[in-house]
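Commentary on secondary and tertiary structure
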Amino acid sequence: MRNRALVMHGINFSALDRRPAEHYGGLTYAQLEREITRFGRELDVTVNCFQSNYEGAFVEELHKASDYADGILINPGAWTHYSWAIRDAIEIAGLPAIEVHLSNVDAREPFRQVSVLEGVRTGKVAGKGVDGYRDGLQLLKEAWER
Ligand SMILES: O=C1C[C@@](O)(C(=O)O)C[C@@H](O)[C@@H]1O
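Residues numbered from 1 in each chain as written. Predicted model: local features only at pLDDT ≥ 70, side-chain atom pairs only at ≥ 80, totals over all residues. Heavy atoms only, no water.

1. Here we look at the pattern of salt bridges
Considering all chains together, one arrives at 11 salt bridges under this definition. The shortest N-O distance in the salt bridge between Arg4 and Asp70 comes to 2.9 Å. Pair noted here: Arg4 is in strand E1 (residues 4-9) and Asp70 is in the loop between helix H3 (55-68) and strand E3 (71-75), with a separation of 66 residues, a long-range link. Asp70 gets classed as buried once you look at its relative accessible area, which sits at 10%. The partner of Arg134 in a salt bridge is Glu42, and the shortest N-O contact between them spans 3.6 Å. In this pair, Arg134 sits in helix H5 (residues 131-145) while Glu42 sits in helix H2 (residues 29-43), placing the two residues 92 residues apart along the sequence. Salt bridges linked by common partners bring Glu35, Arg38, Glu42, Asp131 and Arg134 together as one network. (Salt bridge = Lys/Arg side-chain N within 4 Å of Asp/Glu carboxyl O. Helix = DSSP H or I, 4+ residues; strand = E, 2+ residues; numbered from the N terminus. Buried < 20%, exposed > 50% of the residue type's maximum accessible area, 1.4 Å probe, protein only.)

2. Description of the pairing of strand E4 (residues 97-101)
Burial of E4 is extensive: five of the five residues sit out of reach of the surface. Of the two faces of E4, both are covered, the one formed by Ala97, Glu99 and His101 as well as the one formed by Ile98 and Val100. Relative to E4, E3 is paired through three bridges, and the arrangement is parallel. The partner of Ile74 across the bridge, within E4, is Glu99. Following the backbone out of E3, through helix H4 (residues 84-93) and into the adjacent parallel E4, one traces a crossover that is right-handed. (Pairing = 2+ DSSP bridges. Right-handed = clockwise from strand over helix to strand, strands pointing away.)

3. Quick look at the packing of H2 against H5
Between H2 and H5, the least distance of the axes is 9 Å, while the angle of their chain directions is 40°. Judged by the angle between their axes, H2 and H5 are oblique. When you trace H2 past H5, the crossing you get is right-handed. Contacts from Leu32, Ile36, Phe39, Gly40, Glu42 and Leu43 in H2 reach Asp131, Tyr133, Arg134, Leu137, Gln138 and Lys141 in H5. Across the contact of H2 with H5, the residue classes break down as six nonpolar, two polar and four charged. (Axes fitted to C-alpha atoms, helices over the stretch in contact; angles between N-to-C directions. Parallel < 35°, antiparallel > 145°, perpendicular 65-115°, else oblique. Left-handed = near helix turned anticlockwise from the far one by under 90°. Contact = heavy atoms within 4.5 Å. Nonpolar A, V, L, I, M, F, W, Y, C, P; charged D, E, K, R; others polar.)

4. Things to note about unusual backbone geometry
The backbone of Asn12 sits at a positive phi, close to 80°, despite the residue not being glycine. Assignment of secondary structure puts Asn12 in the loop between E1 and helix H1 (21-24). Phi is positive for Asp44, which is not a glycine, with a value near 65°. You can see Asp44 is positioned in the loop between H2 and strand E2 (46-51).

Right, dumping it as C-alpha cells:
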C-alpha cells in the first residue's frame, strides 16, 4: 500500500512567520509542519517533511525521494517560477507530485502566475492556505489509487 508522502518546502519557508501574513497566514514553519502532519494522521498518510533554502540540497533530496516516499507535496516557493533544475528533478523522482501554494499565485503578480512545474506535476492546489495541504494529500491518495 502506498501511503508515504514527502512534503517539500523550498526557499524562504524557514522564515515563514516573517513574511506577509495576508498571503501566508503568519504561522511559523514549525506550525505549518505540525498542521500537515496532523492532516496526514487524519488521512492515514505518513508525512515526512523537508525544507531547504539551497536549491542543490533541494534537488538532491528529490533524487533520493523514491527511496523512502510514494509521492510528493511540493511548495518550492519562488523557485516555482524559474527553477528548471527543480522541474527536471521532479521528473527524475518519478513519483506523483502535487504542487501546493499557500497563496493564490494565479491572482498575484504575473511572475507568480508562471510555474515551471507544469507538465511534470500531477496536480496543483493554491490559495487555500494551510488547508490546501490537506487537499494536496487527498490528491496524492487519489493518484495512488489510480
Ligand atoms: O515563497 C512563496 C510562497 C508561495 O509558494 C506560496 O506558498 O504561496 C508563492 C510563491 O510565489 C512565493 O515565492
